[in-house]
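# Architecture and fold: a report
The residues making up each chain are set out below.
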Protein chains: 2
Amino acid sequence: MSTASTLESTFSAETYFATQPPPVSLDQDILGVREFVQRHARTGRKVVLVTSGGTTVPLELNVVRFLDNFSAGTRGATSAEYFLKAGYAVIFMHRQFSLQPFSRHYSHSTHPFLDFLEVEQGTIGTSGSEGAYISVKPSERTQLLEVLAAYKTVQKAGTLHTLNFVTVNDYLWLLRAISQELSVLGRDAMYYLAAAVSDFFLPRQKLSEHKIQSGKGSLHIEMDQVPKILKPLVSDWTRGEGFIVSFKLETDSSLLVPKACAALARYGHQVVIGNDLHTRKHQVIFVSPSPKTSSSLQGNSDEQHFEQVWLRIDPADKNKEIEEDIVAELVVRHRAWAGLRSMT
Amino acid sequence: MSTASTLESTFSAETYFATQPPPVSLDQDILGVREFVQRHARTGRKVVLVTSGGTTVPLELNVVRFLDNFSAGTRGATSAEYFLKAGYAVIFMHRQFSLQPFSRHYSHSTHPFLDFLEVEQGTIGTSGSEGAYISVKPSERTQLLEVLAAYKTVQKAGTLHTLNFVTVNDYLWLLRAISQELSVLGRDAMYYLAAAVSDFFLPRQKLSEHKIQSGKGSLHIEMDQVPKILKPLVSDWTRGEGFIVSFKLETDSSLLVPKACAALARYGHQVVIGNDLHTRKHQVIFVSPSPKTSSSLQGNSDEQHFEQVWLRIDPADKNKEIEEDIVAELVVRHRAWAGLRSMT
């Protein structure tokens, strides 16, 4: 495998959207988001877009094989729960079948709900009738009651709107459309981009129609670069007003800070959260423009211009999730960002 | 993207296992399977290995990106349930987080269990104490009681053994080890190979250690062919005695029968089940050696030597799953195959 330097395959965001077809459900999805945003705009509730899970790059039109980015969706699903708890309305845009808020506590693989349900004989509820009924094992009742209560509260309040994507193309079209809808909220909107997005894609024009046949030797795949969409997201789609949080995941920790600074300098957004694949559940670094120098920052990735704050939790504490602290920190920073509105 | 003809990258099964490292949990997994097989061998129960879900091909050692094969695991998980119902012991070897028997009815995306649980106040079960308790919505009770009862029966009987894989390398090592364990059952063992296995892989020796960096133009990936393991599975690992069912998935239907016949001629096993990506939930074709000509079949893929039987169900009937008919047909054929033992 090799990574070669060719320029022929560079798509700008503009070229991308002009040449790649939108997902069929896009118009329907936009209507749902618009209704959700307008409803919360009326009450002054802040809204956060949480993206979550990995995107795919199909190798065939009738897709059998695809490139994927590793992500169960834990960061996004967990953070969404804490944003809801903090009073935000949440647009949860996630990879189909990745983890979701609330149900994430009951993975079919690691904590299957069928294991803690029991069939019993007796009086059913308050009905007074006799028969087989289903009960929850005593050891699981407290947690399930808590999760269920939070879930029902959110459903009743209508503060969670869920959409899903599969391919990187779905993701890009949805992100653009949702951020344009959300931009009516100005500084009250946050963008929490936790999805693991492919850096490469196969333009529709290069896709095989049918399953690639084996038996003819090795497989060669050549992919084009996905356009850098943070730039238009910051400058155009959200008109420079959204509070935008992006993520950097690396396996080589020494790259985290330099890459985070370079991204902030290039795109001009508010926070990069850096995490290492192996320690991401108990430590992350917040990199953001230093308040003193932020006005003249753009284009300068010198590390001294950026504030670096580590958030760490005790890896041994099974009752603590780092997303609780990440969200608490962001809520404070977002409040400050939104407060600046009245002064400008 | 192009598929080129090169011979340099052809691994035999032997070379593959001599050069690619086994998964770390292999020894532990083998012990579990051995205990399971021996327990059922003592009672004369037939055992089926069901493989299910798609395999991945990691592009990096510290894996962020991987190639995947499309499969939710529906075929395998559903079939496993019907095999259990038919009295088989089932080794369910599936892709981590893909669908599993029983819990498959409650996908977090399409049928989330939190949606049909309710929090109520009243007398809790037979305890006589008062408080908040969890109840199941009346409309869901019948199905959940049925699924739960079947699940508890299987747990009590100890007839389901579950293991999981992620990469195609995990899959190959596990398949070899399990089939060698299962071979002690001779003709009483069935192999139901429903997993969607990659035809290509990246040898460990060619893997990047860290996340491939973007920003350097397009991505080139060159993959080697996965060795054809049906040949050693049939001839060596199961000593020609296992009842082996493989699957062909195509998006171009015209390829199904010729490819199924070619596989049977090449590998000498019992059944290929052909399915088209778009119609796989309501029709499949069983291709098998014709009884009249099967003795001199090997190497001859002429379609007249093969029996073709379509199984179809009504796509409008939501209460019928085609796996019920697939398994019923295989149980009959396996009984005939196992019965031949006494005559040889």
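This text gives an overview of the structure that appears in the document. (Residues numbered from 1 in each chain as written. Chains lettered and ligands numbered in written order. Predicted model: local features only at pLDDT ≥ 70, side-chain atom pairs only at ≥ 80, totals over all residues. Heavy atoms only, no water.)

## Structural notes on the overall build of chain A
Regarding its fold elements, chain A presents eight helices and 15 strands. Across chain A, contacts joining residues at least 24 apart in sequence account for 73% of those joining residues at least 6 apart. Accessible surface for chain A amounts to roughly 14900 Å². Of this, 51% is attributable to carbon and sulfur atoms. (Helix = DSSP H or I, 4+ residues; strand = E, 2+ residues; numbered from the N terminus. Contact = heavy atoms within 4.5 Å. Areas by Shrake-Rupley, 256 points an atom, 1.4 Å probe, with all protein chains shown as cover.)

## Examining the packing of aromatic side chains
Summed over the entire model, instances satisfying the criterion amount to 29 aromatic pairs over all chains. Feature note: the residues Phe11(A), Tyr16(A), Phe17(A), Trp173(A), Phe201(A) and Trp237(A) constitute an aromatic cluster, connected by ring pairs. Positioned over the ring face of Phe17(A) is Arg176(A), at 4.1 Å from the centre of the ring. The ring of Trp337(B) carries Arg187(B) above its face, with NZ or CZ at 3.9 Å from the centroid. (Phe/Tyr/Trp six-rings, centres within 6.5 Å; stacked < 30°, edge-to-face > 60°. Lys NZ or Arg CZ within 6 Å of the ring centre and 35° of its normal.)

## Let's talk about the environment of His305(B)
Position of His305(B) among the secondary structure elements: in the loop between strand 14 (283–289) and strand 15 (306–312). Separated by 17 residues in sequence, His305(B) and Ser288(B) place their C-alpha atoms 8.7 Å apart.

## Quick notes on the sheet that holds strand 3 (residues 56–58) of chain A
Pairing within the open sheet is antiparallel, and its four strands lie in the order 3(A)-4(A)-4(B)-3(B). Unpaired on one side and paired on the other, strand 3 of chain A together with strand 3 (56–58) of chain B mark the two borders of the sheet. Shown here is a sheet whose adjacent strand axes are inclined to one another by a mean of 25°, direction ignored. Of the strand pairs in this sheet, strand 3 of chain A and strand 4 (residues 65–69) of chain A are connected by three bridges, and their pairing is antiparallel. Across the sheet, the residue bridging to Pro58(A) is Phe66(A), located in strand 4 of chain A. (Pairing = 2+ DSSP bridges. Axes fitted to C-alpha atoms, helices over the stretch in contact; angles between N-to-C directions.)

## Structural notes on unusual backbone geometry
Residue and element names in this part refer to chain B. Its identity is not glycine, yet phenylalanine 102 carries a phi of approximately 75°, on the positive side. Along the chain, phenylalanine 102 turns up in the loop between strand 5 (89–95) and strand 6 (117–123). Judged by its relative accessible area of 3%, phenylalanine 102 is buried. (Buried < 20%, exposed > 50% of the residue type's maximum accessible area, 1.4 Å probe, protein only.)

## Observations concerning the nonpolar core
Ranked by internal contacts, the top residues of the largest apolar core, which has 116 residues, are Ile91(A), Leu182(A), Ile91(B) and Leu182(B). Beyond its immediate stretch of four places on either side in the chain, Leu182(B) contacts Val37(B), Val47(B), Leu49(B), Ile91(B), Ala189(B), Met190(B) and Tyr191(B). One finds Val271(A), Leu84(B), Ala194(B) and Phe243(B) within the second-largest nonpolar core, a separate group that totals 82 residues. (Core = buried A, V, L, I, M, F, W, Y, C linked by side-chain atoms within 4.5 Å.)

## A closer look at the pattern of salt bridges
Going through the model one piece at a time under the given rule, you end up with 30 salt bridges over all chains. When the shortest N-O distance is used, the salt bridge between Asp199(A) and Arg65(B) registers 2.5 Å. Of this pair, Asp199(A) sits in the loop between strand 9 (189–193) and strand 10 (200–201) while Arg65(B) sits in strand 4 (residues 65–69), placing the two residues on different chains. There is no split in this pair, since Asp199(A) and Arg65(B) are both buried. Taken together, the shared-partner salt bridges connect Glu60(A), Arg65(A) and Asp199(B) into one network. (Salt bridge = Lys/Arg side-chain N within 4 Å of Asp/Glu carboxyl O.)

## What to know about helix 4 (residues 138–157) of chain B
All names here are of chain B. For helix 4, with 20 residues, the first-to-last C-alpha span of 29 Å sits near the 28 Å given by 1.5 Å per residue. Roughly 25° is the biggest bend found in helix 4, and it falls at leucine 144. Inspection of helix 4 places Glu140, Leu144, Val147, Leu148, Tyr151 and Val154 among the buried residues, and these make up the whole buried set. (Expected span 1.5 Å × (residues − 1). Bend = angle between axes of the 7 residues up to and from the residue.)

## With respect to the side chain of Arg95(A)
Structurally, Arg95(A) is set in strand 5 (residues 89–95). According to the relative accessible area criterion, Arg95(A) is buried, its value standing at 15%.

## Digging into the sheet that holds strand 9 of chain A
Residue and element names in this part refer to chain A. Overall, mixed pairing links the eight strands, which are arranged 8-5-2-9-12-13-14-15 in an open sheet. Single-partner strands in this sheet number two, and they are strand 8 (160–165) and strand 15 (306–312). On average, adjacent strands in this sheet sit at an angle of 15° to one another, irrespective of strand direction. As defined by bridge partners, strand 5 adjoins strand 8 across six bridges and the pair is classed as parallel. Looking across to strand 8, one finds that histidine 94 is bridged to asparagine 164. Here helix 8 (residues 322–339) sits on the sheet in contact with strand 9, strand 12 (243–250), strand 13 (271–276), strand 14 (283–289) and strand 15, set at roughly 15° to strand 14.

## Quick word on the packing of helix 3 (residues 74–85) of chain B against helix 8 (residues 322–339) of chain B
Helix-helix packing: each pair is described by the crossing angle between the helix axes and the interaxial distance. Residue and element names in this part refer to chain B. Two elements in contact, helix 3 and helix 8, have axes whose closest approach is 9 Å; the angle formed by their N-to-C orientations is 55°. When the axis of helix 3 is compared with that of helix 8, the two are oblique. Between helix 3 and helix 8 lies a crossing of right-handed hand. Contact with helix 3, carried on its side by Thr74, Arg75, Thr78, Ser79, Tyr82 and Phe83, involves Ile322, Glu323, Glu324, Ile326, Val327 and Leu330 of helix 8 and no other residues of that element. (Parallel < 35°, antiparallel > 145°, perpendicular 65-115°, else oblique. Left-handed = near helix turned anticlockwise from the far one by under 90°.)

## Brief notes about the packing of helix 2 (residues 26–43) of chain A against helix 5 (residues 168–182) of chain A
All names here are of chain A. Look at helix 2 against helix 5: their axes get within 10 Å of each other, and the N-to-C directions meet at 30°. Classified by the angle their axes make, helix 2 and helix 5 are roughly parallel. Note on packing geometry: the crossing formed by helix 2 with helix 5 is right-handed. In this structure, helix 2 contributes Leu26, Asp29, Ile30, Val33, Arg34 and Val37 to the contact, and helix 5 contributes Trp173, Leu174, Ala177, Ile178, Glu181 and Leu182. Of the residues that constitute the contact of helix 2 with helix 5, the class distribution is nine nonpolar, no polar and three charged. (Nonpolar A, V, L, I, M, F, W, Y, C, P; charged D, E, K, R; others polar.)

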